[in-house]
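Fold and contact review
Residues per chain are reported as follows:
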Amino acid sequence: MSDNISDKDKKDWQTFVLSNDKLPNKDFKPQKQNTLKVKSIDLHGYTLEQANNAIEEFILKAYDEKVSKLIVVTGKGIHSDIEKDPYVSKDLSILKYSVPEFINNNQNLMRVINDIKDATIEDGGSGAFYIFLKKNKSIG
């Protein structure tokens, strides 16, 4: 059977085998990258009331924009003015604990939130946390 192959075909085959070119894989389908849409907010310098209002607006807007992950930076409270108030514990930073508590007690926010987790050191460590939002299935 090899006698029926022309010299040109043999030469073309030899050229192909020795080249670095590859045949495209017709069955290969590139994986759709499952990247999270991420937004962040930094609450440094906010009063408790300003922070609660800002975080509520931020979470609901992010949900409408179909964002998956939020990074909320509250800070650790080491530079706040709490030492000027004798009625506030110096060990308790205001926003670090109060903002997550506000979120957990707000049913309107909790209906769009899947999970709340501590942030990794790259995103602020103990001075930040993540909010993972549910999928917004609204059309538009």
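Everything below is about the structure shown above.
This text gives an overview of the structure that appears in the document. (Residues numbered from 1 in each chain as written. Predicted model: local features only at pLDDT ≥ 70, side-chain atom pairs only at ≥ 80, totals over all residues. Heavy atoms only, no water.)

Points about the overall build of the protein chain
Of regular secondary structure, the protein chain possesses four helices and four strands. Listing every helix and strand of the protein chain by position from the N terminus yields α-β-α-β-α-α-β-β. Relative to its full complement of 140 residues, the protein chain shows a buried share of 26%. Within the protein chain, contacts between residues separated by at least 24 positions form 61% of all contacts whose residues are at least 6 apart in sequence. For the protein chain, the accessible surface area stands at approximately 11100 Å², while carbon and sulfur atoms represent 52% of it. (Helix = DSSP H or I, 4+ residues; strand = E, 2+ residues; numbered from the N terminus. Buried < 20%, exposed > 50% of the residue type's maximum accessible area, 1.4 Å probe, protein only. Contact = heavy atoms within 4.5 Å. Areas by Shrake-Rupley, 256 points an atom, 1.4 Å probe, with all protein chains shown as cover.)

Quick look at the pattern of salt bridges
Considering all chains together, one arrives at four salt bridges under this definition. In this structure, lysine 8 engages aspartate 12 in a salt bridge whose closest nitrogen and oxygen atoms are separated by 2.8 Å. Here aspartate 12 and lysine 8 lie together in helix H1 (residues 7-18), a separation of four residues that amounts to about one turn. We classify aspartate 12 as partly exposed; its relative accessible area is 39%. Here lysine 117 ties to aspartate 115 by a salt bridge, and the two come within 3.3 Å at their closest N and O atoms. Using a relative accessible area of 44% as the deciding quantity, one classes lysine 117 as partly exposed. (Salt bridge = Lys/Arg side-chain N within 4 Å of Asp/Glu carboxyl O.)

Considering the sheet that holds strand E1 (residues 38-42)
The strands that make up a sheet pair up through hydrogen bonds in the backbone, lying either parallel or antiparallel. If you walk across this open sheet you meet the four strands as E1-E2-E4-E3, and the pairing is mixed. Strands at the two margins of the open sheet, each flanked by one partner only, are E1 and strand E3 (113-118). Each strand of the sheet is rotated relative to its neighbour by a mean of 20°, with strand direction disregarded. Strand direction decides the pairing type here: E1 and strand E2 (residues 69-73), joined by five bridges, are parallel. Following the sheet pairing, isoleucine 41 is matched in E2 by valine 72. Taken strand by strand, helix H2 (residues 48-64) contacts E1, E2, E3 and strand E4 (128-133), and its axis lies near 170° from that of E1. In this fold helix H3 (residues 94-104) packs onto E3 and E4, with an angle of close to 20° to the strand it touches most, E4. (Pairing = 2+ DSSP bridges. Axes fitted to C-alpha atoms, helices over the stretch in contact; angles between N-to-C directions.)

As for the environment of aspartate 115
Inspection of the secondary structure assignment puts aspartate 115 in strand E3. Separated by 15 residues in sequence, aspartate 115 and tyrosine 130 place their C-alpha atoms 8.1 Å apart. Leave out the neighbours within four places in its chain, and aspartate 115 touches Tyr130, Ile131 and Phe132. Polar side-chain contacts of aspartate 115 include one of 3.3 Å to the side chain of lysine 117. (Polar contact = N/O pair within 3.5 Å; in protein donor to acceptor, adjacent residues only side chain to side chain.)

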